[in-house]
Amino acid sequence: MKFPCRLDKFISHLAEIPRTKVKAGLKSKFALVNGELATAPDLSIKATDEVTWQGKPLVFLGKRYFMLNKPVGYICANKDDMHPTVFDLFDEPNMSDFHVAGRLDIDTTGLVLITNDGDWSHRITSPKHNKFKTYLIETIEPITEDALEQLRQGIQLHNEKEITRPAIAEQLATFSLRLSISEGKYHQVKRMLAAVGNKVVELHREKIDGIELEHSLKSGEYRQLTAEEVNL
């Protein structure tokens, strides 16, 4: 929400009711602004103003940032008619302004960042900022040294003009590796492993740049980011 804004827009957003009901409520003297009765829908509201609706204060919480441990079966969208979304896992006010900073596929688990700060999420997701995203991968075929070297050098993906940027690839076991990439092409990790003759069977994101998924967060749980994490 940007300030200054209209009173009816402010109340509609924070009380989560349609503007038609807000305007009716204003006529019924439901609103106070800085302790004074307010009935004009177009009254200009500043971020510092105190607005009360039906006796309850409406507080704009400002920019917020969350990490979620995404489970399988949830999609990274605000709404969907076919599947539950990551926003169904949240119990927070005014989530309509929020978006996912770095989506994951429905069958991928792990770290998802959710915010209402568009500039912040752009700095995370834009390839020009070179933010590495780190994944734990289980494969159907053994990991070979040749495959690791190809991933480190860059892969020519089908229907892509340029090869992928060099990745950081570390073998963890015969069928598992840790892979860090600084891009976000469509199904990129799965396509990279397919290009080296393998197939991803499990994919989990554990880190985005300096923000690491908290190990104590169970699948489907979330928490707010610390100020230090936000500044990373």
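Remember, it's a predicted structure, so these values are computed and weren't measured experimentally.

Calculation rules
Residues numbered from 1 in each chain as written. Predicted model: local features only at pLDDT ≥ 70, side-chain atom pairs only at ≥ 80, totals over all residues. Heavy atoms only, no water. Helix = DSSP H or I, 4+ residues; strand = E, 2+ residues; numbered from the N terminus. Rg over C-alpha atoms; globule rule 2.2 N^0.38 Å. Buried < 20%, exposed > 50% of the residue type's maximum accessible area, 1.4 Å probe, protein only. Contact = heavy atoms within 4.5 Å. Areas by Shrake-Rupley, 256 points an atom, 1.4 Å probe, with all protein chains shown as cover. Lys, Arg positive; Asp, Glu negative; His and termini not counted. Charge placed at Lys NZ, Arg CZ, Asp CG, Glu CD. Pairing = 2+ DSSP bridges. Axes fitted to C-alpha atoms, helices over the stretch in contact; angles between N-to-C directions. Left-handed = near helix turned anticlockwise from the far one by under 90°. Nonpolar A, V, L, I, M, F, W, Y, C, P; charged D, E, K, R; others polar. Salt bridge = Lys/Arg side-chain N within 4 Å of Asp/Glu carboxyl O.

J.: Help me get a handle on the overall build of the protein chain, residues and values and all.
T.: Across its full length, the protein chain carries six helices and 15 strands. Against the compact-globule benchmark of 17 Å for 232 residues, the protein chain has a radius of gyration of 22 Å, which places it well outside the compact range. Seen through its principal axes, the protein chain has C-alpha atoms that stretch 70 × 35 × 30 Å. For the protein chain, the residues scored as buried account for 41% of the 232 residues in total. Here the analysis covers contacts within the protein chain between residues at least 6 apart in sequence; of these, 63% occur between residues at least 24 apart. Summed over its atoms, the accessible surface of the protein chain is roughly 13,000 Å², and 50% of this surface lies on carbon and sulfur atoms. Measuring between centres, the 31 positive side-chain charges of the protein chain sit 8 Å from its 33 negative side-chain charges.

J.: Explain the pairing of strand β11 (residues 168-173) residue by residue, including any values.
T.: With five bridges connecting them, β11 and strand β12 (residues 176-181) associate as antiparallel partners. Each residue of the ladder has a partner; that of Ala173, found in β12, is Ser176. Where β11 folds back onto β12 in an antiparallel hairpin, the turn is made up of two residues.

J.: Break down the packing of helix α1 (residues 7-15) against helix α2 (residues 19-27) for me, citing the residues and quoting the values.
T.: Between α1 and α2, the least distance of the axes is 9 Å, while the angle of their chain directions is 115 degrees. For the pair α1 and α2, the sense of crossing is right-handed. Where α1 abuts α2, its residues Leu7, Asp8, Lys9, Ile11 and Ser12 lie against Arg19, Val22, Lys23 and Leu26. Looking at the contact of α1 with α2, its residues break down into four nonpolar, one polar and four charged.

J.: Which residues make up the pattern of salt bridges, and what values go with them?
T.: Enumeration according to the criterion identifies 17 salt bridges in this entry. Of the charged contacts in the structure, one is a salt bridge between Lys190 and Asp107, with a shortest N-O distance of 2.8 Å. Here Lys190, found in helix α5 (residues 188-195), pairs with Asp107, found in the loop between β8 (99-101) and β9 (109-115); they are 83 residues apart in sequence, far enough to count as distant. Taking the relative accessible area as the measure of exposure, Asp107 reaches 42% and is therefore partly exposed. Notably, a salt bridge pairs Arg178 with Glu206, separated by 2.5 Å at the nearest N-O pair. With Arg178 in strand β12 and Glu206 in strand β13 (residues 200-208), this pair connects stretches of sequence that are 28 residues apart.

J.: Let's hear about unusual backbone geometry: which residues, and what values?
T.: Here Phe3 and Pro4 are connected by a cis peptide whose omega angle stands at -5 degrees. Following the sequence through the fold, Pro4 ends up in the segment before β1 (5-6). We note that Glu16 has phi near 55 degrees; this positive angle belongs to a residue other than glycine. Here Glu16 lies in the loop between α1 and α2. At Asn159, a residue that is not glycine, the phi angle is positive and equals roughly 65 degrees. Secondary-structure assignment places Asn159 in the loop between α4 (145-153) and β11. Its relative accessible area of 70% is what places Asn159 among the exposed residues.

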